[in-house]
Amino acid sequence: IGRRGSDGDASIACILFEACISRRCARARAPTGGGGAPARCRERKTRPTRLLAQQSLDAACSSRAFQYTAAATATMPPKRVLCVAEKPSVAKDLANMLSRGTAQRQGTNAQYTSKYEFPYTMDGQQCMFVMTSVLGHLTNVEFTERHRKWHSCEPVELLNMNTPVTKFVAEDKKELERLLMDEGRKASMLICFLDGDREGENISFEVINVCRKANPRITVKRAHFSAVIQREIDRAMATLVAPDQNLSDSVDARIEIDLRLGSAFTRFQTLSLGKKFEELSDKLLSWGPCQFATLGFIVDRSWKIERFVAEEFWSVSMSLNSGEGRGSAVFDWTRGRLYDRTMCLVLYEEMLESQEAIVTSVRENIKRKWKPLPLATVALQTLASRKLRMSSETTMKVAEELYNAGMISYPRTETEIFKEGTDLRELITKQLPSHQWGAFANNLINNGGFEWPKPGKNDDMAHPPIHPTAYVQNLDGDKKKLYELVVRHFLACCSKDAVGAETAVEAEIAEEIFVSKGLMIKETNYLDVYIYDKWSDKNIPVFVQGEAFRPTDLSMTSGRTQAPSLLSEADLIQMMNRYGIGTDATIATHITTVQTREYAVRAAGNQQFSPTQLGKSLVTGYERLGIELARPQFRSRMEEDMKDIALGRQQKHQVVTTWMGIMTPVLKACVEKSRQLVAEMHHFFQPVTSATWIDIVQRNLSKCGDCEGPMNLKRRMAQTRNGDSQEQRALLCQRC
C-alpha cells in the first residue's frame, strides 16, 4: 500500500505495522510452555505470519492505533487526476479554464511541454488536477530491423502478414513518455482531452498504453469538446465517457495498410523503375493509395485536355430593345446549338422570312436562392479555395490556429446539421459588436430575421458544423479572411433564403422557340451578409401573351467547343470527397504530397493542377498495362472498411489481412511487367547510359536480365537538390 497508494494509505500502513511489532514483542515475552501459541509457532514456521497478521489487526482495532488511522484517513491528500491534451497551447488554455485562471505552471524535461497543477472538484470530491500535453502522435509504426532496409527483402514480402510491424515511441518523444509514466504512476485517473476525431482517439490510446505501463489500475475517461471555450469544456467535464477502442483500431488499420502498401510499392518503383533513367536516378518514387488516387484525378483531366478535339457549332440569337424605357430582353434559342451549319442556316432563313415573333407564354414564379448549409470541413476548404484563393493546406493550418485560440469550433468535421437544442442565438449575440455584420446579427436576434439552419445530409455524430465561438477584431492576413468566412457563413445559414419574382417569357418565330427571363429581387435576406454569393435584378419589358413584336436583332452565330480546364483545387477536393479518398482531415495532406513528390505542380495562378512528366509517366505506364493503381476504387473501398472497423462491424486484423490478399497479386503483376513499364516510361525520360558513368567499381558483377551479358558496377558523383555532392552507383550492361 505504501508503495502504490497515496501518502494517507502509507500512514495507515505504518500505524498497522507499528501495532504488529508491538503485539509480536508482547507475545515474545509471554511464557513458552503450556502449549501456548508462541511455542506452537516455533514448531511450525508457516503459521506465525497468519497469526501475527490477525493479532496485529485485532490490536490496531482495539487500541488507540485505530484512532490514528481514522485521523490519517481524514487528512489524506486529494485524488490526483492526470489530464492530457493534444498540443501544449491547448493544455495551457484548458488548465486556465478548468482552474478559472489559478493553475500553476511547472517545467518538465520533455521539450516544448509543461504541466499545470490546480485543485478541482469533480463529482463532489476535491481532486488535484495535473494538465499536460503530447505533440501529436506519441508512437511510430515501422517494420522490424530485418525488413526495414530497402535491400533486406523482396518488396512483395512486406505484404505478408507474417512480416511483423512494431509500434514504438520515437527517440525524440522518450522524455515525453517518461513524463506521462511518472505522472500516470501518481494518478488514480487519466482524462484524455485529445481532438475528437478518429486520429485523436488513436492518440488517446497511445497515451493510455504509456500510463498503464506505470499504473495498470488507472481509471481512464475521455473528454469530448468541439471548441476550446469555457462552456464546451465545462460540458465535456460533465459528460466524460470511456474511450472508443474501435475508432482507434480503424486508425491503426489504416496506418498498417499504408505502411505495408506504401513501402512495398515505393521500393518497387524506386528500385525497378527509377534507377533505369538519368533524371530519376536520385529520386524517391513513392506510392500511396491516397496520393496516387489524387494524382490519378489530375492526370485524367490532363488526358481529357490532350485528347480533346474542338468542334464548330452554330446557333441563333434574338433580342428586343423596346426603345421606350421598357428595357431590353435577350432570348435564348431552346435548341441551344447545332453542329450542322446547313441545318442551322435553313432554320435561320425561315426566321428571317417570318420577321415577327409571337409571345406564346408569360409565367411569373417565386424564385428562391437557397442560403448555405451549415459548414463542414470539405465545404470550408472548397469555399476558401474559390472565394479566398487559399490552398487547402493553408486553410486547415489557419483553421487549426483559430480553433486553438478559441475563436471557432473544431474545424475537422463532416457534420452539416445543428443539433436540436443548440443555443444558436447565444452564438449570434456574440457577433453584435461587429461594425461589419453586427447590424445583420441584431436583425436575426431582434427583428425576426432568424430561421433555423437547413440540415445537410452528413453527420459524423462527434462535432457540430464549423461556427464562430467568439467575436474578435484584431486579426489580419489569412486568419482574418478565414475567420470572416466562417462568421458570415454561420450568420447566413441562420438567416432566410433570398426571394425574388421571376418572369419567364416564351416567344415563337418560324415555329422555333426562344426564352427570356427577368428577375426582380424582393427579399435579399442572407445575401446582406454573405458577400460570396451574387444575385442581381434583371429587368425585361412587360410582355402579354399573344403579343407580336419584331426582334431588334436576329443573328446566326458560330463558335467552337472549348477543352476542359485543368483541375482546380476546389474541384479536386470535391472529387476526393465524392470517392472517399482520405478523410475531411487528410485531404489537404494528400494534395500537398503529390506536389512534394514532384508528381504535380500548381498552374494558372496556383489555382489549378498540372501533372509533371514523372506523374504522368507512372500513371500512363500502369494504365496501359491494365494495372489500375491510380484509380480511386482502391482507396474508396479501404475507407469504407475503416468505417466498418470504427462502427465495430469488422476487426482490424481481418481488414488488414484482406487488403494484403487483394494487393499481393497486383504487386506481383507489377514486378512481372516491370520491363514493359520501363518501356512505357521511355516516352518520357532518357534511359541511363554508360556515358555518364565512368568509374568502374567492379567488373562482371552480375548478368543482364535482358541479354544475359556481363554487367559492371559503376559509380559517379552527382549533386543533390541541396547542392551537396553524393556518390551514386549503378549496374550497367556491357552489351545493351
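Relevant structure appears above.
Residues numbered from 1 in each chain as written. Predicted model: local features only at pLDDT ≥ 70, side-chain atom pairs only at ≥ 80, totals over all residues. Heavy atoms only, no water.

Student: Before we go on, may I ask you to explain the overall build of the protein in this structure?
Tutor: If you tally the helices and strands in the protein, you get 23 helices and 21 strands. Looking at the protein residue by residue over its 736 residues, the buried ones come to 47%. Looking at the protein alone, contacts between residues at least 24 apart form 74% of all its contacts between residues at least 6 apart. Per element, the accessible surface of the protein, about 37200 Å² overall, is 48% carbon and sulfur. (Helix = DSSP H or I, 4+ residues; strand = E, 2+ residues; numbered from the N terminus. Buried < 20%, exposed > 50% of the residue type's maximum accessible area, 1.4 Å probe, protein only. Contact = heavy atoms within 4.5 Å. Areas by Shrake-Rupley, 256 points an atom, 1.4 Å probe, with all protein chains shown as cover.)

Student: I tried to follow the pattern of salt bridges on my own but got confused; where do I start?
Tutor: Opposite charge on two side chains lets them pair, provided their charged atoms get close. Summed over all chains, the structure comprises 40 salt bridges. Glu177 serves as the salt-bridge partner of Lys213, at 2.8 Å between the closest nitrogen and oxygen. Of this pair, Lys213 sits in helix H8 (residues 198–214) while Glu177 is found in helix H7 (residues 174–186), placing the two residues 36 residues apart along the sequence. By relative accessible area, which is 54% here, Lys213 ends up exposed. (Salt bridge = Lys/Arg side-chain N within 4 Å of Asp/Glu carboxyl O.)

Student: Sorry if this is basic, but what is going on with the sheet that holds strand S1 (residues 79–85) here?
Tutor: Paired through their backbone hydrogen bonds, the strands of a sheet run either parallel or antiparallel. Taken in spatial order, the six strands line up as S2-S3-S4-S1-S7-S8 in an open sheet, and their pairing is mixed. Each edge of the open sheet is held by one strand with a lone partner, namely strand S2 (104–107) and strand S8 (219–222). Strand after strand, the sheet turns through a mean of 25° between neighbouring axes, direction not considered. Contacting S1, strand S3 (114–122) and strand S4 (125–133), H7 crosses the sheet at an angle of about 150° to S1. (Pairing = 2+ DSSP bridges. Axes fitted to C-alpha atoms, helices over the stretch in contact; angles between N-to-C directions.)

Student: Would you mind showing me how to read the sheet that holds strand S11 (residues 357–369) here?
Tutor: Ordered by their spatial adjacency, seven strands build an open sheet running S14-S11-S12-S13-S10-S9-S15, and the pairing between neighbours is antiparallel. For this open sheet the edge positions go to strand S14 (548–549) and strand S15 (553–560), each flanked by a neighbour on one side alone. In this sheet, S14 lies alongside S11 in antiparallel orientation, the contact comprising two bridges. By the bridge assignment for S14, Ala357 is matched with Phe549.

Student: Even after reading the chapter, I still don't get a negative patch on the surface, so can you show me in this structure?
Tutor: On the surface, Glu349, Glu350, Glu353, Glu508 and Glu511 cluster together to form a negatively charged patch. It is helix H12 (residues 341–354) that provides the largest number of residues to the negative patch, a total of three residues. Among the secondary structure elements, Glu350 is positioned in helix H12. (Patch = residues over 30% accessible without salt bridge, like charges linked within 9 Å, V, L, I, M, F, W, Y side chains within 5 Å. Lys, Arg positive; Asp, Glu negative; His and termini not counted. Charge placed at Lys NZ, Arg CZ, Asp CG, Glu CD.)

Student: Could you clarify how one ought to interpret the environment of Ser250 in this entry?
Tutor: Inspection of the secondary structure puts Ser250 in helix H10 (residues 245–273). On the basis of relative accessibility, which here comes to 2%, the residue Ser250 falls in the buried class. Setting aside its immediate chain neighbours within four residues, Ser250 contacts Arg198, Met642, Ile645 and Ala646.

Student: What's the story with the pairing of strand S12 (residues 498–509) in this structure? I'm lost.
Tutor: Side-chain positions along a regular strand alternate between the two faces of the sheet. S12 sits mainly inside the fold: nine of its 12 residues count as buried. Pairing analysis gives 11 bridges linking S11 to S12, with the strands arranged antiparallel. Residue pairing across strands places Val362 opposite Val505, the latter belonging to S12. Relative to strand S13 (residues 512–523), S12 runs antiparallel, the two sharing 11 bridges. Bridge pairing in S13 places Ala504 opposite Lys517. From the end of S12 to the start of S13, which pair antiparallel, there are two residues, and Ala510 there has a positive phi angle of about 55°.

Student: Looking at this structure, I do not really get unusual backbone geometry. What am I missing?
Tutor: Trans peptide bonds make up the majority, and among non-glycine residues the majority have a negative phi. Although it is not a glycine, Ala510 sits at a positive phi angle of roughly 55°. With respect to the element layout, Ala510 can be found in the loop between S12 and S13. Phi angles above zero are rare outside glycine, and Glu598 is one such case at about 65°. Tracing the backbone through its elements, the reader meets Glu598 in the loop between helix H19 (587–596) and strand S17 (600–603). The exposure class of Glu598 is partly exposed, given its relative accessible area of 28%.

Student: Hey, could you run me through the packing of aromatic side chains in this one?
Tutor: Both the distance between ring centres and the angle between the ring planes are used here to describe each pair of aromatic rings. Counted by the stated rule, this structure contains 18 aromatic pairs. Each ring, one from Phe297 and one from Tyr579, has its centre 5.6 Å from the other, and the planes form 40°; the classification is tilted. Of this pair, Phe297 sits in helix H11 (residues 289–307) while Tyr579 is found in helix H18 (residues 569–579), placing the two residues 282 residues apart along the sequence. Between Tyr530 and Tyr532, the aromatic rings sit 5.2 Å apart at their centres with planes inclined by 80°, giving edge-to-face as the arrangement. Sitting over the ring of Phe313, Arg337 keeps its end group 3.8 Å from the ring centre. (Phe/Tyr/Trp six-rings, centres within 6.5 Å; stacked < 30°, edge-to-face > 60°. Lys NZ or Arg CZ within 6 Å of the ring centre and 35° of its normal.)

Student: Help me understand helix H9 (residues 230–238), please; the structure alone is not making it clear to me.
Tutor: Note: α-helices contain 3.6 residues per turn, so residues at a spacing of three or four share the same orientation. Listed in full, the buried residues belonging to H9 are Glu232, Ile233, Ala236 and Met237. Taken end-on, H9 shows its buried residues confined to a sector of 135°, consistent with a single buried face. In this structure, the buried side of H9 is in contact with helix H5 (88–98), S3, S4 and strand S7 (189–193). (Arc of directions from axis to C-beta.)

Student: Is there a simple way to think about the nonpolar core in this case?
Tutor: Taken as a class, soluble globular proteins show a tendency for nonpolar side chains to be buried jointly. Phe129, Met131, Ile191, Phe193, Leu482 and Leu491 are the most contacted members of the largest nonpolar core, which has 67 residues in total. The next biggest cluster of nonpolar side chains, apart from the first, holds 61 residues, and it includes Ala264, Met576, Ala630 and Met642. (Core = buried A, V, L, I, M, F, W, Y, C linked by side-chain atoms within 4.5 Å.)

Student: What's the story with the packing of H11 against helix H20 (residues 613–624) in this structure? I'm lost.
Tutor: Working note: a packed helix pair is described by the angle between its axes plus the distance between those axes. Interhelical geometry of H11 versus H20 gives an angle of 90° and a closest axis separation of 10 Å. On the basis of their axis angle, the class for H11 and H20 is roughly perpendicular. Judged by residue contacts, Phe292, Leu295, Val299, Ser302, Trp303 and Glu306 of H11 engage Gly615, Lys616, Leu618, Val619, Thr620, Tyr622 and Glu623 from H20. (Parallel < 35°, antiparallel > 145°, perpendicular 65-115°, else oblique.)

Student: When you look at the side chain of Arg488 in this model, what are you seeing that I'm missing?
Tutor: Here Arg488 is to be found in helix H17 (residues 477–493). Within the structure, Arg488 has its side chain in polar contact with the backbone oxygen of Val529 (distance 2.8 Å). The residues contacting Arg488, other than those within four sequence positions of it, are Gln436, Trp437, Val529, Tyr530, Ile531 and Tyr532. (Polar contact = N/O pair within 3.5 Å; in protein donor to acceptor, adjacent residues only side chain to side chain.)

Student: So what exactly am I meant to see when it comes to the state of the cysteines here?
Tutor: Counting across every chain of the model gives zero disulfides. No disulfide involves Cys493; its sulfur sits 4.4 Å from the nearest other cysteine sulfur, which is in Cys494. (Disulfide = S-S within 2.5 Å.)

Student: Sorry, what's going on with empty space enclosed by the protein here?
Tutor: Gaps left between atoms are located by rolling a probe of water-molecule size over the structure's atoms. For the coordinates displayed, the defined rule picks out one cavity of 30 Å³ or more. In this model, the largest cavity occupies a volume close to 30 Å³. Lining the largest cavity we find Asn246, Asp249, Ile645, Gly648, Gln650, Gln651 and Lys652. (1 Å grid on protein atoms, 1.4 Å probe; cavity = no way out; pocket = protein on both sides within 12 Å on 5 of 7 lines; lining within 4 Å. Points joined across faces, edges and corners; volume = space filled by probe spheres on them.)

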